[in-house]
Amino acid sequence: LWRGMASPRVGHVRVFVTGFGPFAEAEVNPTQTLVESLDTGSSFGASGSGRLEDCYVVPVDCKDATDKVARLRFSAEATTEESKSASHTTVVMLHLGVFSSAREFRVERSAFNEATFRFPDASGRQPQGEPISADEDVGCCLRTTLDVDTVVNTLRAKGHPCAVSDDPGRYLCNWIYWLSLRTA
């Protein structure tokens, strides 16, 4: 996610990562396993200017995902405020999800204001063709300002099978991505 909150410039990079808990197609969600293995607070980058601020496992639930985006926004703004005196801060929110039939990593460029769940969420909600944000038209599309093509090409050059995707589905991956792009 990279839209409005910060532009990709030199300075501090602060990363927040989310994964999801189990759901109908993933009794053990690999994104949960991955997120739980990350070392929050660790630095990265040649000069150590990058920092993994926090990692969260989000229950597969509309309300929980909505609440988590609001808390992420608050944390991102607080992080940016804290490091304002030092230099520019770029905030990255990396949302991980599972697409069971994918054979490669998919880097999403777009999110849609539509919830059409094939399976109920953890609270039993199963919207069909409903807007995530009531003040926008169903199907309205938002795109990240991150250069997804460059990200994918860089990952491929390092031997990682991946592709650009413009369709995150209409389940919780799309839900959290839509809300994140909208609030960025």
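Undergrad: Would you mind showing me how to read the sheet that holds strand β1 (residues 12-20) here?
TA: In any sheet, the strands associate via hydrogen bonds between backbone groups, in a parallel or an antiparallel arrangement. Ordered by their spatial adjacency, four strands build an open sheet running β2-β3-β1-β4, and the pairing between neighbours is mixed. Edge strands, defined here as strands with exactly one partner in the open sheet, are β2 (43-44) and β4 (89-95). When β1 meets β4, the two strands line up parallel, connected through seven bridges. Opposite valine 15, over in β4, you have valine 92 as the bridge partner. In this fold helix α1 (residues 30-37) packs onto β1 and β3 (50-58), with an angle of close to 140 degrees to the strand it touches most, β1.

Undergrad: So what exactly am I meant to see when it comes to the confidence of the model for the protein chain here?
TA: Should pLDDT be low for a region, the predicted coordinates there are not to be read in detail. Mean pLDDT over the protein chain stands at 87; residues scoring 70 or higher make up 90%. The low-confidence segment residues 1-8, where pLDDT is below 50, has 35 contacts with residues more than four positions distant or belonging to other chains.

Undergrad: Explanation requested: the pattern of salt bridges in the structure shown.
TA: Side-chain pairing between opposite charges can occur once the charged atoms of the two side chains come close. Applying the stated rule across the entire model yields 14 salt bridges. With a shortest N-O distance of 2.5 Å, arginine 182 and aspartate 135 are connected by a salt bridge. Of this pair, arginine 182 sits in helix α4 (residues 172-183) while aspartate 135 is found in the loop between β6 (110-112) and β7 (141-143), placing the two residues 47 residues apart along the sequence. Relative accessible area serves as the criterion here: at 58%, aspartate 135 is assigned to the exposed category. Where aspartate 166 meets arginine 143, a salt bridge forms, and the shortest distance between an N and an O atom there is 3.4 Å. Of this pair, aspartate 166 sits in the loop between β8 (162-165) and α4 while arginine 143 sits in strand β7, and the two are 23 residues apart along the sequence. Looking at aspartate 166, the relative accessible area reads 33%, which means it is partly exposed. Overlapping salt bridges, with partners in common, bring together Arg109, Arg143, Asp149 and Asp166 in one network.

Undergrad: What should I look at first to understand the pairing of β1 in this one?
TA: Regular strands show a simple pattern: their side chains alternate between the two faces of the sheet. With eight of nine residues buried, β1 lies mostly within the body of the structure. With eight bridges connecting them, β1 and β3 associate as parallel partners. Paired with phenylalanine 20 across the strands is valine 58, a residue of β3.

Undergrad: Mind showing me how you'd approach the environment of leucine 52 here?
TA: With respect to the element layout, leucine 52 can be found in strand β3. Residues leucine 52 and threonine 144, 92 residues apart in the sequence, show an inter-C-alpha distance of 20 Å. Setting aside its immediate chain neighbours within four residues, leucine 52 contacts Val15, Val17, Leu38, Asp39, Thr40, Gly41, Ser42 and Phe44.

Undergrad: Sorry, what's going on with the nonpolar core here?
TA: What tends to happen in soluble globular proteins is that the nonpolar side chains get buried as a cluster. Core analysis: the largest hydrophobic core is formed by 21 residues, its most contacted members being Phe117, Leu172 and Trp175. Looking at this core, the elements with two or more residues in it are α2 (62-82) and α4. The greatest single-element share of this core, amounting to seven residues, is contributed by α4. Non-local contacts of phenylalanine 117, meaning those with residues more than four positions away in its chain, are made with Cys62, Arg125, Gln126, Pro127, Gln128, Arg170, Tyr171, Leu172 and Trp175.

Undergrad: Would you mind showing me how to read the pairing of β3 here?
TA: Here two bridges tie β2 to β3, and the two strands are oriented antiparallel to one another. Opposite phenylalanine 44, over in β3, you have glycine 50 as the bridge partner. The antiparallel hairpin formed by β2 and β3 contains five residues in its connecting segment, where glycine 45 sits at a positive phi of about 90 degrees.

What counts, and at which threshold
Residues numbered from 1 in each chain as written. Predicted model: local features only at pLDDT ≥ 70, side-chain atom pairs only at ≥ 80, totals over all residues. Heavy atoms only, no water. Pairing = 2+ DSSP bridges. Helix = DSSP H or I, 4+ residues; strand = E, 2+ residues; numbered from the N terminus. Contact = heavy atoms within 4.5 Å. Axes fitted to C-alpha atoms, helices over the stretch in contact; angles between N-to-C directions. pLDDT = per-residue confidence, 0-100. Salt bridge = Lys/Arg side-chain N within 4 Å of Asp/Glu carboxyl O. Buried < 20%, exposed > 50% of the residue type's maximum accessible area, 1.4 Å probe, protein only. Core = buried A, V, L, I, M, F, W, Y, C linked by side-chain atoms within 4.5 Å.

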